[in-house]
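Coordinate analysis (summary)
Each chain, letter by letter, is given below.
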Amino acid sequence: MWCPSCIQFYDEVLKADLPFPKRHTAEFLADCLDRGLFTFTQRVEATVALHYHYATEARAREGRAARRLLEAVPGITVVDFEPDPRWGRTCTPALQEQLGPAVWRQMALDDIDRARAAGATHLAGIYHGCHRDQCRFERERPIVVEHYLTLFARALGIEFEDTYKKYMHMGDADRILEDASPCMAANGVDPEKARGLVIKTFSA
């Protein structure tokens, strides 16, 4: 599974005894790495601080798996960096509400400053929610925020545009809707109905 909240739901809420193993994608990919199933085709020059969570053993284990993947990439150096423990299990809107927007924002910027002080050129998140929250801060600090799989895939010769981050940096509903218009047309999305969601998501 991609999502830490999903894994937590199965493990800690349902306490489901399933007839098959379940784990986070980072752990699955790290196992594939150990089995020699990946062939790197290019170097990725980056010094990376890993934004991970360690409130529980499962989250810490997923962080270790992501670190192993990044450390295997030719050209990548992973710096010693420990995110603020207040991030908890994962970055969520509820956490922002609990801490308050100003505290949450300062916590993110302080993490980036500590990552840069450790020599990082990149901040790599594990979970999609973390990446959505953190990528906006590229506009305020000289650091590149990328999902860990973006960096790992790049070494495999796979490149895919981070459209979410592009739109977060645009921050302009009209420009975003214009850029997204071919995709919306192909999928029958009404631009006027989409406008509210675009403003809510990318104007913060």
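Figured I'd write up the structure that's included with this text. Since the structure is predicted, the reported quantities are computational estimates derived from the model, not experimental observations. Here, residues in each chain are numbered from 1, in the same order as that chain's written sequence. Per-residue local features of the predicted model are confined to residues with pLDDT of at least 70, and side-chain atom pairs are confined, for both listing and counting, to 80 or more; whole-chain, interface and lining totals are unaffected and use all residues. The basis for every side-chain value is the complete set of heavy atoms in the structure, and neither hydrogens nor water enter the calculation.

**A few points about the pattern of salt bridges**
Pairs can form between side chains of opposite charge whenever their charged atoms are close. The rule for a salt bridge is simple: a side-chain nitrogen of Lys or Arg has to be within 4 Å of a carboxyl oxygen of Asp or Glu. Scanning all chains against the criterion turns up 21 salt bridges. Where Asp 179 meets Lys 166, a salt bridge forms, and the shortest distance between an N and an O atom there is 3.1 Å. Here Asp 179 is found in helix α9 (residues 173–186), whereas its partner Lys 166 is found in helix α8 (residues 163–170), with 13 residues between them in sequence. Exposed residues in this analysis have more than 50% of their type's maximum accessible area, buried residues have under 20%, and partly exposed residues fall in between, with area computed by a 1.4 Å probe over protein chains only. Here Lys 166 falls in the partly exposed class, since its relative accessible area comes to 24%. Within this structure, Arg 23, Asp 31 and Arg 35 form a network of salt bridges that share partners. Strands here mean DSSP runs of E at least two residues long; helices mean DSSP runs of H or I at least four residues long; both are numbered from the N terminus.

**Brief notes about the packing of aromatic side chains**
Each pair of aromatic rings is reported with the distance of its centres and the angle of its planes. Under the pairing criterion, centres of Phe, Tyr and Trp rings, with the six-membered ring standing for Trp, must be within 6.5 Å; the plane angle then separates stacked pairs below 30 degrees from edge-to-face pairs above 60, leaving the rest tilted. Taken as a whole and judged by the stated rule, the model has eight aromatic pairs. Ring centres of Tyr 52 and Tyr 54 lie 5.5 Å apart, and the angle between their planes is 45 degrees; on these two criteria the pair is classed as tilted. Each residue in the set Phe 38, Phe 40 and Phe 152 is aromatic and connected to the rest through ring pairs, giving one cluster.

**Some details on the packing of α8 against α9**
Across the interface, α8 lies against α9 with an axial gap of 9 Å and an inter-helix angle of 150 degrees. The pairing of α8 with α9 is recorded here as roughly antiparallel in orientation. Relative to α9, the crossing made by α8 is right-handed. Only Arg 175, Ile 176, Asp 179 and Ala 180 of α9 make contact with α8, whose side of the interface consists of Lys 166, Tyr 167 and Met 170. The axes are straight lines fitted to the C-alpha atoms, using for helices just the contacting stretch, and the angles between their N-to-C directions are given from 0 to 180°. Any angle that falls under 35 degrees is termed roughly parallel, while one over 145 is termed roughly antiparallel, one within 65 to 115 roughly perpendicular, and all others oblique. Less than a right angle of anticlockwise turn of the near helix away from the far helix marks a crossing as left-handed, whereas a clockwise turn marks it as right-handed. We call two residues in contact whenever any of their non-hydrogen atoms come within 4.5 Å of each other.

It is worth stressing that arrangement in space is one thing and function is another; only the former is reported here.
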